[in-house]
Structures are given as structure tokens and as C-alpha cells.
Amino acid sequence: MVVEIKTDTFEKEVLKSDIPVILDFYATWCGPCKMMHPVMEEIAEEYAGKIKVCQVNSDNEMELTAKFAVMSIPMFVAFRDGEPVAKTLGYMPKDQLLKELGF
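Here is a short report on the structure shown in this document. (Residues numbered from 1 in each chain as written. Predicted model: local features only at pLDDT ≥ 70, side-chain atom pairs only at ≥ 80, totals over all residues. Heavy atoms only, no water.)

On to the pattern of salt bridges. Per the counting criterion, the structure on display carries five salt bridges. For glutamate 46, the salt bridge goes to lysine 94, with nearest N and O atoms at 2.5 Å. A residue pair is termed long-range when its members are at least 10 positions apart, and glutamate 46 in helix 2 (residues 31–46) and lysine 94 in helix 4 (residues 94–100) qualify at 48 residues. Given a relative accessible area of 15%, lysine 94 falls into the buried group. Several salt bridges converge on common partners, so that one network encompasses Lys12, Glu13 and Lys52. (Salt bridge = Lys/Arg side-chain N within 4 Å of Asp/Glu carboxyl O. Helix = DSSP H or I, 4+ residues; strand = E, 2+ residues; numbered from the N terminus. Buried < 20%, exposed > 50% of the residue type's maximum accessible area, 1.4 Å probe, protein only.)

Take a look at the structure:
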């Protein structure tokens, strides 16, 4: 299951997660973001309990979008132990996304 992140849930769901997190910055109007949605769902299902998949609506959560200097979407940030460790942009197949984020 993909977890929708809001500014007030970011710390609990992402920074304090017991497992690594992929944070997906997206917008509902973004074509590549829509194409990535099934990929994110697949990762969430396949890696349940090993990787937490979270999404941030960049239009609604401006504070988080600014904090991570999101200039283009979709943007993916990998977190381990509460720290951002990798970042990548744009549509890509699942295996490439996981590789670029260090999984």
C-alpha cells in the first residue's frame, strides 16, 4: 500500500520509519506521474515490510515540496534511517528506479 504523506505525517511516516522509504513527489495533472503510479503500487506490494512507498502531492504540500527543492516531477527520494540518500527524476521502469535509488 502506498502511503499518502502530508506535512504533519512526514516525520512519523518517513523520518522515523523502521524500514527504508521511497518518497514520490507527484501531481494529479502530471502524465509521467500517472504512469509511475502502477510502478509505485507494484513496489509497495512486492517489497511490503522491506520498503515503505510514500507519495506527496506537490501541489497540496508546498512546505515539503520546497524543503526538497522539487523543481520537476515525478521526483523520487530514498530515505534510510531518516536521511535522504538518493534522488532521481522522471518516468522509468521499476528495476531502473530501484537501482537508481540504491535498492
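Inspection of the secondary structure puts threonine 88 in strand 5 (residues 83–89). Given the relative accessible area of 8%, threonine 88 is considered buried. Of the polar contacts made by the side chain of threonine 88, one reaches the side chain of glutamate 100; its length is 2.6 Å. The residues touching threonine 88, leaving out its near neighbours within four places in the chain, are Pro74, Met75, Phe76, Leu97, Glu100 and Leu101. (Polar contact = N/O pair within 3.5 Å; in protein donor to acceptor, adjacent residues only side chain to side chain. Contact = heavy atoms within 4.5 Å.)

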